[in-house]
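Overview (structure and organization)
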Amino acid sequence: MESPELTFTLAYIVFSLCFVFTPNEFRSAGLTVQNVFSSWLGTEDARFIQYHVKRSSVTLLLHSALPLGYYMGMCIAAPEKHLGYIHQVNGSWRAFLLLSLCLQLASWTLIIYWSRHHWHNHPISRALQAHVQPPYSSWGDVATSINTEFRRIDKFATGAPGARVIITDNWVLKVTTYHVYMALQSDCHVTVTGSRQHQLSPDSASPIQFLTLRVDSINPAVRPFDIRLNSTEYAELREKLHAPIRNAANVVIHQTISELFLETFRAQVDLNQPYTLPDGQEVESCIGCMQVPAGTKLVRLCHAEVFLQTHVVSVLSGSMVRQPPRPAKT
């Protein structure tokens, strides 16, 4: 293989891999399906389901066109092969061109089939149809529910664009390159099936742990699927996820410093006796978030000038933390 031909082949392979798996450099440069076709796709926040139906369809078309794009590029990179003249092309290149054209034709045929009856045959639409049961009367109602919940700011979202995990009030969603997996929280249970630890990470100087969780639904029409996330995000996922989580593989889940502090703090609170609110006293708002009633209370037990002893008391759970006496500043 001559030098220009080899150079173009290697460059096209690198470009194809980057276009399919989309590293951060390509996303920063705007070389993504979402950015190139943003005017046609719309915004994800406005219509989540419709956005991904169109995004997955155009992604399939572009990915299936990569072999044909390589052939057309070789027509320019290696003009001495006369690849632009079909009757002069040798057998191997002619077979490659035929396969590329068949792949592109098959993709267009599949997209046309998916788009019939307002994308009724698309895999995402079929996944929605599996959830058509009260209170949802049609797969359009299911899509509307997901769209509405996705627009809320309190959802949990993590992961790379090709494997995003989204938890809303009622739905567990996994967004991949060609599909969106979904399960109703009230119908599913989650199992921690494994973990993998990486010693090096571009975002952290310390080792990180990735957990693999399997989402199973009691609805037989819903296929189970796996989700992966950083162990530091596990606590946030548990807060948003109402479905039960089992640790079938006895995986030791690493915690962050903040989580270890909170766990130790709660353990110390449980050592003390409950605090009873006097009649008529109202619980003030939490000074941390100012959104929920306070769960703890500082109780002064001594008014001496030399020593000051306090309790941190849990108002809601009925437990308190005792801090040892210490000299007061003079």
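Before any of the text, the structure's been laid out above.
Keep in mind it's a predicted model, so treat the numbers as computed, not measured.

1. A short note on unusual backbone geometry
- Pro134 connects to Pro135 through a cis peptide bond whose omega is 10°.
- Relative to the helices and strands, Pro135 resides in the loop between helix 8 (123-129) and helix 9 (139-150).
- For Thr22, which is not a glycine, the phi torsion comes out positive at approximately 50°.
- Examined against the element boundaries, Thr22 turns out to sit in the loop between helix 1 (3-21) and helix 2 (24-28).
- Taking the relative accessible area as the measure of exposure, Thr22 reaches 17% and is therefore buried.
- With a phi angle near 55°, His117 is a residue other than glycine that sits in the positive phi range.
- Mapped onto the secondary structure, His117 falls in helix 7 (residues 91-119).

2. Looking at the sheet that holds strand 3 (residues 171-176)
- The 4 strands lie next to each other as 1-2-3-4, forming an open sheet whose pairing is antiparallel. Of all strands in the sheet, those bounded by a partner on one side alone are strand 1 (156-158) and strand 4 (180-184). Neighbouring strand axes in the sheet, compared pairwise and without regard to direction, differ in orientation by 10° on average.
- Along the sheet, helix 5 (residues 48-64) contacts strand 2 (163-167), strand 3 and strand 4; its crossing angle with strand 3, the most-contacted strand, is approximately 25°.
- Most of the contacts of helix 9 go to strand 3, to which it runs at about 90°, and overall it touches strand 2, strand 3 and strand 4.

3. Some remarks on the side chain of Arg55
- Tracing the backbone through its elements, the reader meets Arg55 in helix 5.
- Within the buried core, Arg55 has no salt-bridge partner, and the shortest N-O distance to an opposite charge, that of Glu44, equals 6.5 Å.
- Here Thr177 takes part through its backbone oxygen, which lies 2.9 Å from a polar atom of the side chain of Arg55.

4. Digging into the pattern of salt bridges
- Scanning all chains against the criterion turns up 6 salt bridges.
- In this structure, Asp154 and Lys240 form a salt bridge, with 3.3 Å as the shortest nitrogen-oxygen distance. With Asp154 in the loop between helix 9 and strand 1 and Lys240 in helix 10 (residues 234-240), this residue pair connects regions lying 86 residues apart in the sequence.
- Since its relative accessible area comes to 44%, Asp154 is described here as partly exposed.
- Taking relative accessible area as the criterion, Lys240 reaches 13% and is therefore assigned buried.
- A single salt-bridge network, built from bridges that share partners, covers Arg152, Asp154, Asp169 and Lys240.

Each value, and the rule that gives it
Residues numbered from 1 in each chain as written. Predicted model: local features only at pLDDT ≥ 70, side-chain atom pairs only at ≥ 80, totals over all residues. Heavy atoms only, no water. Helix = DSSP H or I, 4+ residues; strand = E, 2+ residues; numbered from the N terminus. Buried < 20%, exposed > 50% of the residue type's maximum accessible area, 1.4 Å probe, protein only. Pairing = 2+ DSSP bridges. Axes fitted to C-alpha atoms, helices over the stretch in contact; angles between N-to-C directions. Contact = heavy atoms within 4.5 Å. Lys, Arg positive; Asp, Glu negative; His and termini not counted. Salt bridge = Lys/Arg side-chain N within 4 Å of Asp/Glu carboxyl O. Polar contact = N/O pair within 3.5 Å; in protein donor to acceptor, adjacent residues only side chain to side chain.

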